[in-house]
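Residue-level listing of the chains:
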Amino acid sequence: SSGINAECPLRPGDWINFRLNKDKGLAKRLPISEEGDHLFEALKDGVLMNKLVNDSVTDTVDERALNMPDANGKLSIFKMRENQTLALNSCVAIGCNVVNIGAEDLINGTRHLCLGLLWQIIRIGLMAKITLKDCPGLRALLDEFESLEQLLAMSPEEILCRWVNYQLNKIGCKRVVKNFTSDIKDSEVYANLLVAVCPADQGPIGLEPLNHQDLTQRAELVLQNADVIGVRSFVRAKDIVSGNQKLNLAFVANLFNTYPAMDDAGDFEIIEETREEKTFRNWMNSLGTTPRVKYIYEDLKDGLALIHLFDKIENGSVNWKKVNTPPFKALGGSMKKLENCNFAIELGQQFNFVLVGVGGKDIHDGSKLTLALIWQMMRHYTLKMLTHDGKIMKDNEIIKWCNEKLQAAGKSSSLSSFKDSSIANSTPIIDLIDAIQPGYINYELVTKASNDEEKFLNARYAITMARKIGARIFALPEDITEVNAKMVMTVFACLMSVGFMRDQK
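What counts as what
Sequence positions are assigned chain by chain, starting from 1 and proceeding in written order. With the structure being a predicted model, the display of local features is reserved for residues of pLDDT at least 70 and the display and counting of side-chain atom pairs for 80 or more, all residues being used for whole-chain, interface and lining totals. Side-chain numbers here rest on the full set of heavy atoms in the structure, without hydrogens or water. Between N-to-C directions, angles cover 0 to 180 degrees, with each direction set by a line fitted to C-alpha atoms, over the stretch in contact for helices. Every helix listed is a DSSP run of H or I at least four residues long, and every strand listed is a run of E at least two residues long, numbered separately from the N terminus. Any angle that is under 35 degrees is reported as roughly parallel, and any over 145 degrees as roughly antiparallel; angles of 65 to 115 degrees are reported as roughly perpendicular and all others as oblique. Throughout, a crossing is termed right-handed when the near helix is turned clockwise from the far one, and left-handed when it is turned anticlockwise from it by less than a right angle. Note on contacts: a residue pair qualifies if any of its non-hydrogen atoms lie within 4.5 Å across the two residues. For this classification, the nonpolar set comprises Ala, Val, Leu, Ile, Met, Phe, Trp, Tyr, Cys and Pro, the charged set comprises Asp, Glu, Lys and Arg, and every other residue, Gly included, is treated as polar. Any two rings among Phe, Tyr and Trp, with Trp reduced to its six-membered ring, count as a pair given centres within 6.5 Å; such a pair is stacked if its planes are under 30 degrees apart, edge-to-face if over 60, and tilted if neither. Think of it in three bands: with a 1.4 Å probe and only protein chains considered, a residue is buried below 20% of the maximum accessible area for its type, exposed above 50%, and partly exposed in between. Here a cavity denotes a set of grid points, spaced 1 Å apart and computed over the protein atoms alone, in which a 1.4 Å probe fits but from which it cannot get out, and a pocket denotes an open set meeting protein on both sides within 12 Å along at least five of seven lines; residues with an atom within 4 Å of a point are reported as lining. Grid points are joined across faces, edges and corners, and a volume is the space filled by probe spheres set on the points.

Quick look at the packing of helix H20 (residues 395–408) against helix H21 (residues 427–436)
At their nearest, the axes of H20 and H21 sit 9 Å apart, and the two run at 65° to each other. Here H20 is positioned roughly perpendicular relative to H21, judged by the angle of their axes. Handedness of the H20/H21 crossing: left-handed. Residue-level inspection shows Trp401, Cys402, Lys405 and Leu406 of H20 in contact with H21, the latter providing Pro428, Asp431, Leu432, Ala435 and Ile436. Residue classes in the contact of H20 with H21 are distributed as seven nonpolar, no polar and two charged.

Here it is in structure tokens:
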């Protein structure tokens, strides 16, 4: 298992068993043992990977669309490939970077690629609840000179370190944690942390483990305390003593998710990420922007992520001599960041983006106008797949192609624009998928869309089937049911790109 720990130090089998043990559809393949290649065999047909994505971000995959093995556990390689394509496109949609990973790698169990992807999915799920929306009490972790926006831009590691210190301080423990490696090796922090967060109706948990001098024995006793309140997952005694960063981060994140133990912060306005902001953030992260974007406005203030993104959507478009890189000095650093933001706007103008009234200062100030630039970058990236004779497709050309495809397949649905009200029930999207690959849609699963719930089910099914056919879609079901024209355009453009590729074959 040493190979597994190098790539995904989480012992992913443990986590999968812990999270998915109640899923009846997985009864035959769980629990996963650490022996040999059992994990890779269990991942081979793509079912497990999709379910893990859903465990991290609910409703990403419509599981009715999965190809399930027959009674003998058999599934054709073609059906496996479809499941894995769906899994990869779903991973992208939740913000995983899957550059250089293909369906074949997951089917063949290419170790480092499978494990690297598993860690990304698990990490996204673990860190998803470390937000002001889910835990308003987090604002207590700020000092008097910090803003809520700064909290939103902190990495989960930073927030969890502050949370641990807050809990230790609450019970009078003088230790201060700056990392999840050397600072936790002697188990003193964990022993105290468990005492601090243990609910009144459980336990009691004490500090007895600290009476033992042998660090491995002490760590084991601390983990037995963790087990008393149901949070013994990820780490083993040796991982604490050796200071394994990812495993300990995961252990603390799981503890926080289970027992945040933060007082309610009273009435204050919660800055909640909008659906559009979240979609853009996932798109940026899926392209591998460095550093990872956590909160759009705060993380783009130095312009660097945007400049990197331009280089990713159009390789060679950036003159790196014009870019200021960190560390930014306290004196004059702000000017250097503003220069980067101005350069990002300049790049947008070179791409013929419409940026009337949007300047570098707006990005540097964390203004909502930043979204206008990001949307046009996403649009350019999406439409680049549809370049024809060197020209990028226009909206009306996409609509024309979709209608011709629908008509040729004998479908009664059509669309007049990306604002067409018929899109709300997902019929044009579902029919287009079936037109691109006849017989692909199971129409028994398509509802009459007579209420909001039925519309949502159709939209989730449509997006899932589009990803399964190979479309890299970032839109959410609500974008379709509410007919958000921008995101609707990306859905049809991605499907057209898949259709193009099929026609050329």
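Past the structure itself, the notes keep going.
Some words on the packing of aromatic side chains
Taken as a whole and judged by the stated rule, the model has 11 aromatic pairs. For the pair Trp15 and Phe18, a centre-to-centre distance of 5.5 Å together with 50° between the ring planes defines the contact as tilted. Placement of both Trp15 and Phe18 in helix H2 (residues 12–20) is noted, with a separation of three residues, approximately one turn of the helix. Taking relative accessible area as the criterion, Trp15 reaches 6% and is therefore assigned buried. Between Tyr295 and Tyr297 the ring centres are 5.6 Å apart and the planes differ by 75°, which places this aromatic pair in the edge-to-face class. Looking at Tyr297, the relative accessible area reads 4%, which means it is buried. Aromatic rings pair up to connect Trp15, Phe18 and Phe234 into one cluster.

Brief notes about the layout of surface pockets
Taken as a whole, the second largest pocket holds about 640 Å³ of empty space. Taken together, 30 residues line the second largest pocket, and the ones lying closest to its centre are Thr85, Asn89, Ile469, Gly470 and Ala471. Where the lining of the second largest pocket is concerned, the elements lending two or more residues are helix H5 (77–93), helix H19 (370–383) and helix H24 (485–504). Residue contributions to the lining of the second largest pocket peak at seven residues, all from H24. Its residues placed into classes, the lining of the second largest pocket shows 16 nonpolar, eight polar and six charged.

Here we look at the packing of helix H10 (residues 188–197) against helix H11 (residues 215–228)
The geometry of a pair of packed helices is captured by two quantities: the angle between their axes and the separation between those axes. Running from N to C, H10 and H11 cross one another at 20°; their axes reach a closest spacing of 9 Å. By the angle class used here, H10 and H11 are roughly parallel. Every pair of crossing elements has a handedness; the one defined by H10 and H11 is left-handed. Here H10 contributes Tyr190, Ala191 and Leu194 to the contact with H11, which in turn contributes Val222, Asn225 and Ala226. The class makeup of the residues in the contact of H10 with H11 is five nonpolar, one polar and no charged.

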